[in-house]
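Analysis of the macromolecular model
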Amino acid sequence: MTENEEILDIYDGERRPMGYTKRRDEPLEPGEFIVAVGIWIVDDKGRLLITKRSMKKRYAPGKWENTGGHLMHGEEPVAAVMRELYEETGIKVARADVHFLGTAKVPPFFGDNFIAHVKDTSGIKLQPGETSDARWVSLDELERMMRNGDMAGSTVEHMKAYKEAFYAAIADIARGA
């Protein structure tokens, strides 16, 4: 789907629906917000899946990030993040395996962030024009990449809002909880 085909609900600064939509490629006015979603995928070894943004992307081309995208008109955040994960990586997760970490408010976005433990990590299929590479990294490597500027700025900024929940979820997965 291209940016001019993506229809997004518009919200105010308190995340109240404003009652109208815009195409993804339409500029937002001051005070208008859209919802982004992101998901961290953790494997049995405690590694995190990150994807590299295509060089064709307007924002942060060639930077690494967790998988994500935008909430479409009428879509629920968990459904959106499951859709984005499948579109960008070919990975399917069950709704029950997707856990909410928190919401970041970084104008003009509200970013709903999730995590899921995935046992079958074979067969990652990248979406042309969206992702150009994927790799599994340790938590230490992710932190280093964030410090060194290898990660998309939105990933780093959003993480600030849910970092404690992120580390707790990683620990729960490591314990098998």
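That block above? That's the structure.
The paragraphs below set out a description of the structure included in this document. (Residues numbered from 1 in each chain as written. Predicted model: local features only at pLDDT ≥ 70, side-chain atom pairs only at ≥ 80, totals over all residues. Heavy atoms only, no water.)

A few points about the overall build of the protein
- Scanning the protein from terminus to terminus reveals three helices and nine strands.
- Shown N-terminal to C-terminal, the secondary structure of the protein runs as helices and strands in the order β-β-β-β-β-β-α-β-β-β-α-α.
- Taken over the C-alpha trace, the protein has a radius of gyration of 16 Å; the compact-globule value for 177 residues is 16 Å, and the two agree within 12%.
- By its C-alpha atoms, the protein is 45 × 30 × 30 Å across when sized along the principal axes. (Helix = DSSP H or I, 4+ residues; strand = E, 2+ residues; numbered from the N terminus. Rg over C-alpha atoms; globule rule 2.2 N^0.38 Å.)

What to know about the packing of aromatic side chains
- Applying the stated criterion to the full structure yields five aromatic pairs.
- Ring centres 5.0 Å apart and planes at 35 degrees place the aromatic pair Phe 33 and Phe 110 in the tilted group. Of this pair, Phe 33 sits in the loop between β2 (17-23) and β3 (34-42) while Phe 110 sits in strand β8 (residues 109-117); the two residues are 77 residues apart in sequence, bridging distant segments of the chain. The two residues Phe 33 and Phe 110 agree in class, both being buried.
- Between Phe 100 and Phe 114, the aromatic rings sit 5.5 Å apart at their centres with planes inclined by 65 degrees, giving edge-to-face as the arrangement. Of this pair, Phe 100 sits in strand β7 (residues 99-106) while Phe 114 sits in strand β8, and the two are 14 residues apart along the sequence.
- Among the aromatic residues, ring-to-ring pairing joins Trp 40, Tyr 162, Phe 166 and Tyr 167 into one connected group.
- The ring of Tyr 86 is capped by Lys 92, whose NZ or CZ atom sits 5.1 Å from the centre of that ring. (Phe/Tyr/Trp six-rings, centres within 6.5 Å; stacked < 30°, edge-to-face > 60°. Buried < 20%, exposed > 50% of the residue type's maximum accessible area, 1.4 Å probe, protein only. Lys NZ or Arg CZ within 6 Å of the ring centre and 35° of its normal.)

Digging into the pairing of β8
- With seven of its nine residues buried, β8 lies for the most part within the structure.
- Here β3 runs beside β8; their pairing, made up of nine bridges, is parallel. From the neighbouring strand, Ile 34 faces β8, where its bridge partner is Phe 109.
- Bridging between β7 and β8 involves seven bridges; their strand directions are antiparallel. Its bridge partner being in β8, Phe 100 is matched across the sheet by Phe 114.
- The antiparallel pairing of β7 with β8 creates a hairpin that spans two residues between the two strands. (Pairing = 2+ DSSP bridges.)

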